Amino acid sequence: MRVHRENLLHELESVQPGLSSREIVEQSSCFIFQNGKVLTFNEEIACTRDCGMAAEITGAVQAAPLLALLQKLPEDEIDVTLGSGELLIKGKKRKGGIRMDAEILLSVAAVETPAKWKKLPKDFTDAVSLVQQCAGKDEEKLATTCVHLHPQWIEACDNYQVARYHTEMGIAKECMVRRDAIKHIVGLGMHKFSETDTWLHFKNPMGLVLSCRRFLDAYDDLTGFFDVKGKPVVLSKSIAEAVERSAVFASDNPEDTQIHVQLRPGKLRVKGVGVSGWFSETKAVQYSGAALDFMIPPKLFMELVRSHHECIVSDSMLKVEVGKYAYVTVLSRASDSKTEAQPEEADAC
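What you see is a predicted model, and the numbers here were worked out from it, not measured in a lab.

Asks: An account of the nonpolar core is needed here, citing residue identities and associated values.
Replies: With 84 residues, the main nonpolar core has Phe-31, Phe-33, Leu-66, Phe-124, Leu-149, Phe-202 and Phe-301 as its most contacted residues. Apart from the residues lying within four places of it in its own chain, the contact partners of Leu-149 are Phe-124, Ile-154, Met-169, Ile-171, Glu-174, Cys-175, Val-177, Ile-182 and Leu-200. Within the second largest apolar cluster, 13 residues are counted, among which are Val-162, Phe-215, Ala-326 and Val-328.

As structure tokens, this is what we get:
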């Protein structure tokens with residue numbers, strides 16, 4: 001069959017969140033073509049959408065080589081056909097074959113089919129974009145790796161920082177969803193959601209459905225952590241520019257995409273450290289309290305500074321509140337030594 005190459009590429013790229021970089025389960029690194037749709041599934045995320053190619057082709061194809069080939073071909077239109085155990089891609093005076101399994105072994109049936117769809121709040125994507133940055137990576141503490149969805153707010157906490165965004169989503173049961181799953185809805189234009197027994201499903205106007213495994217475990221009440229009393233600190237918008245420069249190296253460090261902030265009387269210093277280098281910059285601030293240190297995701301700090309010019313600082317916490325959004329991070333007293341302090345963990349989650 002003849003297909004438009006860029007349209008096919010867009011269809012496949014939109015279901016990439018459901019792929020696994022390594023085969024956790026068989027065919028989890030594959031695109032599944034079946035019944036006019038393309039599907040991906042990696043135990044935590046499932047993606048599905050209509051795909052013109054899947055109307056005539058059924059099977060599982062390794063995603064990485066298929067995407068790479070489609071990205072490099074110059075033709076606007078290509079021929080896609082089935083060969084003997086392979087998917088054949090043909091252009092003008094060029095062709096390639098990618099091994100294809102005719103039998104679909106991926107257990108996509110484990111994902112319940114959504115029935116009723118509800119409308120998502122208009123600010124839901126913004127809420128997820130901000131809050132998910134405060135989830136952690138400690139797999140031994142499930143709650144800290146998740147975004148908590150409550151009927152009246154969305155929140156996340158990694159035991160060093162906590163964020164909450166008030167929005168009425170209208171879910172029937174509060175639940176947790178892995179940050180590494182729900183973060184993919186940002187930028188996909190999701191406008192509806194549906195709840196099933198073990199999955200939370202999101203859909204956009206193009207028919208793309210992204211399903212996240214949900215957990216109904218109890219989640220600690222974090223309300224008390226937002227009650228911070230302290231001194232106001234004025235944050236100039238120029239701090240965001242310094243943070244952005246520091247983020248060059250912080251984002252270069254896959255294990256810790258955070259910057260170190262040192263708050264001293266009259267000044268604030270930001271520093272980003274990565275595998276290839278580091279950068280620090282000092283800015284003047286209106287602050288006269290004790291010397292304090294904290295860690296924060298650079299993107300989050302930039303958004304906070306640009307949208308709000310003031311924060312509240314106590315001897316152990318820093319709080320920023322902007323409209324529906326509130327953020328609190330643990331502070332540590334600066335050491336007299338030259339060693340950069342790491343905030344002590346708070347029992348928040």
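So much for the structure itself; the text now carries on.
Asks: How would you summarise unusual backbone geometry if you had to cite specific residues and measurements?
Replies: Backbone phi values are negative for most residues with the exception of glycine, while trans is the configuration of most peptide bonds. Its identity as a non-glycine residue notwithstanding, Gln-27 has a phi of 70°, on the positive side. Take Gln-27: it is sitting in the loop between helix H1 (5-14) and strand S2 (30-34). Residue class for Gln-27 comes out buried when judged on its relative accessible area of 1%. One non-glycine residue, Glu-43, adopts positive backbone phi at about 80°. Look at Glu-43 and you get partly exposed, because its relative accessible area is 26%.

Asks: Give me the pairing of strand S15 (residues 199-203): which residues, what numbers.
Replies: S15 sits mainly inside the fold: four of its five residues count as buried. Of the pairings in the sheet, the one linking strand S14 (residues 192-195) to S15 comprises four bridges and is antiparallel in character. From the neighbouring strand, Phe-193 faces S15, where its bridge partner is Phe-202. Connecting S14 to the antiparallel partner S15 that follows it, the hairpin turn spans three residues. Judged from the five bridges that link them, S15 and strand S16 (residues 209-215) form a sheet pairing that is antiparallel. Directly across from Leu-200, in S16, lies its bridge partner Cys-212.

Asks: Tell me about the confidence of the model for the chain, and name the residues and values.
Replies: With 93% of its residues at a pLDDT of at least 70, the chain reaches an overall mean of 89. The model gives residues 336-345 a pLDDT under 50, and that stretch makes 22 contacts with residues more than four places away or in other chains.

Quick notes on the rules
Residues numbered from 1 in each chain as written. Predicted model: local features only at pLDDT ≥ 70, side-chain atom pairs only at ≥ 80, totals over all residues. Heavy atoms only, no water. Core = buried A, V, L, I, M, F, W, Y, C linked by side-chain atoms within 4.5 Å. Buried < 20%, exposed > 50% of the residue type's maximum accessible area, 1.4 Å probe, protein only. Contact = heavy atoms within 4.5 Å. Helix = DSSP H or I, 4+ residues; strand = E, 2+ residues; numbered from the N terminus. Pairing = 2+ DSSP bridges. pLDDT = per-residue confidence, 0-100.

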